[in-house]
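# Structure assessment
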Amino acid sequence: MKLLEGKKALIFGIANKRSIAWGIGENLHAHGAEVGFSYGIPQLERRVMPLAESIGADFVEKCDVSSDEEVAEVFAKAKERFGEIDILVHSIGYALREDLAGRFVDTSREGFRIAMDISAYSLVSLAKAAAPLMPNGGSIMSMTYYGSEKVVPHYNVMGVAKAALEASTRYLAADLGPQNIRVNAISAGPIKTLAAAGIAGFRKMLHYSEERAPLRRNVDADEVGRTAVWLSSDLSSGVTGEVIYVDAGFNILGMPEPPEAWE
Ligand code: NAD
Ligand code: 0WE
C-alpha cells in the first residue's frame, strides 16, 4: 500500500517540466495519489497537457487566480471530477517584472496590489473553495521563499507578498484546524524555474547559496516534491501552520563562512 493511496490532489501553478508544481505532482503520483492540475494562462496548456498525461492525470484546467469566477469554476469542475479532495497545492507567485529590480521603495500601489493578490490572497481564496471538498480533513500547502523574512536584493515586493502568504498560512491553519485541514508552507531555496529564469543575476544567486548552504549545494523541485509527499501524508498529521525549509540549510546561517583572516 503506497503512502498516498486513495488520496486525491489538486495542484495549482504548473507551467512546464521545471515547475515546482510538476516536481510535486510527479512525487504525489509516485506515492499513489490521484493528481489534477491547474495552470494560469492559456499558452501553457500545450506544455502542461503532455506532462499531465504522462502520469495519467486527466483533470487539467486553466484558472487565473486573480478571478473569483475562474476559481469558483475550477472547483465546481473538481467537485464533478473528484467529489472530494485530500490535498491542495498552491505553487503560484507573480509580481510585475519592474518591481523585481531596483529599489523596493519605488514599488507602485498597483504593483503592490498585484503581487499581494496573486501571490498571497489567492491562497486564502483557494483554501476557502477547497475546504468544502475536504469533509474528512486534508492538507493544504504553498511555496514560499526566505526573502519574506530577510532582505534579499531585488526580491522586493515578492518578499512582502511571501510574508503575507506565510502569515495567511497560520491564520488559515487556525481556522481550518477544527475540520482537520492542515495548512503549511514550504520555503524552498532558489531553483532555476520559469519564474526564476528572467531574474537578472539568478545564476550568481544560485552560486552564492551553493557555496554557503550547510549542505554545500542547491535543492531541486524533486526534493521539494518529496517534502510535499510528507506534508500530504498522515506522517505529518500533527504539523500545521508551519513553514518547512527545503533549502539545504541556508536559512539557519547568521553569517557567511569566516574569512581566511579569522582562521
Ligand atoms: P513557475 O513559473 O514554474 O510557477 C509559477 C506559476 O505561477 C506559473 O505556473 C504561473 O503560470 C503561475 N501564475 C502566475 N500568475 C498566475 C495567476 N494569475 N493565476 C494562476 N497562476 C498564475 O515557477 P516556480 O519556481 O515553480 O514557482 C512556484 C512557486 O514556488 C511560486 O510561489 C514561487 O514564488 C515559489 N518559489 C520558487 C523558488 C524558486 O527559486 N524557483 C523558490 C522558493 C519559492
Ligand atoms: O518567488 C520567486 C519568483 C517569483 C516571480 C518571478 C517573476 C519573473 C517574471 C514573481 N513574479 C515574476 N514576474 C515576472 O514578470 N522566487 C523565489 C524566485 C526568485 O525570484 C527572485 C529571487 C528568487 C530566489 C527575484 C529577485 C531575487 C531573488
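Every value quoted in this text rests on a predicted model; they were computed, and no experiment measured them.

Parameters and conventions
All chains use their own residue numbering, which begins from 1 and follows the written sequence. In the order they appear in the text, chains get letters beginning with A and ligands get numbers beginning with 1. Local features are withheld for residues below a pLDDT of 70 in this predicted model, meaning they are given only at 70 or higher, and side-chain atom pairs are given and counted only at 80 or more; totals for whole chains, interfaces and linings count all residues. Side-chain numbers come from the whole structure's heavy atoms, not from hydrogens or water. Put simply, DSSP H or I for four residues or longer makes a helix, DSSP E for two residues or longer makes a strand, and each gets a number counted from the N terminus. In this scheme, a residue with accessible area under 20% of its type's maximum is buried, one over 50% is exposed, and one in between is partly exposed, where area comes from a 1.4 Å probe on protein chains only. The near set for a molecule or strand comprises every residue that places at least one heavy atom within 4 Å of it. Polar contact is the term for a pair of N or O atoms within 3.5 Å; when the atoms are in protein, one must be able to donate a hydrogen and the other to accept it, and sequence-neighboring residues count only if both atoms are side-chain atoms. The patches described consist of residues with a relative accessible area above 30% and no salt bridge, like charges being joined within 9 Å and nonpolar side chains (Val, Leu, Ile, Met, Phe, Trp, Tyr) within 5 Å. Methods summary: accessible areas were calculated by the Shrake-Rupley approach with a probe of 1.4 Å, and residue burial reflects only the protein chains presented. Every case where a carboxyl oxygen of Asp or Glu lies within 4 Å of a side-chain nitrogen of Lys or Arg is listed as a salt bridge. This count recognises Lys and Arg as positive and Asp and Glu as negative, with His and chain-terminal groups excluded. Every charge is mapped onto a representative atom, which is NZ of Lys, CZ of Arg, CG of Asp or CD of Glu. Residues grouped as a nonpolar core are buried Ala, Val, Leu, Ile, Met, Phe, Trp, Tyr and Cys residues, joined through side-chain atoms within 4.5 Å. Only heavy atoms matter for contacts: two residues are in contact if any of them lie within 4.5 Å across the pair. When residues are sorted by character, Ala, Val, Leu, Ile, Met, Phe, Trp, Tyr, Cys and Pro go into the nonpolar class, Asp, Glu, Lys and Arg into the charged class, and all the rest, Gly among them, into the polar class. Strands pair, by our definition, only if DSSP identifies at least two bridges between them. Convention used here: a crossover is right-handed provided that the path from the first strand, over the helix, to the second strand proceeds clockwise when the strands point away from the viewer.

Here A200 shows up in the loop between α6 (194-197) and α7 (202-212). Since its relative accessible area comes to 65%, A200 is described here as exposed. As for A200 and L100, which are separated by 100 residues in sequence, their C-alpha atoms are 9.1 Å apart.

Taken together, 14 residues are adjacent to ligand 2, and A95, P153, Y155, A195 and M205 come closest. With respect to ligand 2, the backbone of A95 contributes an N or O atom lying 2.8 Å from a nitrogen atom. In this structure, Y155 approaches ligand 2 through a side-chain N or O atom, which is 2.8 Å from an oxygen atom.

Time to look at a positive patch on the surface. Taken together, the side chains of K17, R18, R46, R47, K192, R203 and K204 make up a positively charged region of the molecular surface. If you trace the backbone, R18 turns up in the loop between β1 (8-12) and α1 (20-30).

What follows deals with the nonpolar core. Formed by 38 residues in total, the largest nonpolar core has its most connected members in I24, L28, F37 and V224. Excluding anything up to four places from it in sequence, V224 contacts I20, I24, M143, I186, A188, I191 and V246. I114, I118, L133 and L165 belong to the second-largest nonpolar core, a separate cluster that totals 31 residues.

By the secondary structure assignment, S119 is in helix α4 (residues 109-130). A polar contact of 2.9 Å, which involves the side chain of S119, links it to the backbone nitrogen of Y94. Residues in contact with S119, not counting those within four places in the same chain, are H90, I92, G93, Y94, I114, M158, A161 and L165.

Around ligand 1, a shell composed of 27 residues is seen, among which S19, I20, K162, I191 and T193 lie nearest. Contact distances for ligand 1 include 2.9 Å between an oxygen atom and a backbone N or O atom of G13. Within the contact set of ligand 1, an oxygen atom lies 2.5 Å away from a side-chain nitrogen or oxygen of T193. Alone, ligand 1 offers 820 Å² of accessible surface; in the complex the protein occludes 90% of this. Going through the elements one at a time, β5 (138-144) and α6 are the ones with two or more residues in the shell around ligand 1. For the shell around ligand 1, the residue count by class is 17 nonpolar, eight polar and two charged.

Right, let's get into the pairing of strand β2 (residues 34-39). Within a regular strand, the side chains alternate between the two sheet faces. Burial analysis of β2 places five of its six residues in the buried class, which makes it a mostly covered element. Judged from the five bridges that link them, β1 and β2 form a sheet pairing that is parallel. Opposite F12, over in β2, you have S38 as the bridge partner. Crossover connection from β1 via α1 to parallel β2: handedness right-handed. Where β2 meets strand β3 (residues 60-62), three bridges bridge the pair, whose relative direction is parallel. Bridging from a neighbouring strand, S38 pairs with E61 of β3. For the handedness criterion, the β-α-β arrangement of β2, helix α2 (residues 45-54) and β3 is classed as right-handed.

On to the pairing of strand β6 (residues 181-188). Counting buried positions along β6 gives eight out of eight residues, so the element sits mostly inside the fold. Burial along β6 is two-sided: the face carrying I181, V183, A185 and S187 and the face carrying R182, N184, I186 and A188 are both buried. Note: β5 against β6, seven bridges, orientation parallel. Bridge pairing in β6 places G138 opposite I181. Read as a crossover between parallel neighbours, the route from β5 over helix α5 (residues 156-176) to β6 is right-handed. Two strands pair when backbone bridges link them, and β6 and strand β7 (residues 243-246) are joined in this way by four bridges, in the parallel orientation.

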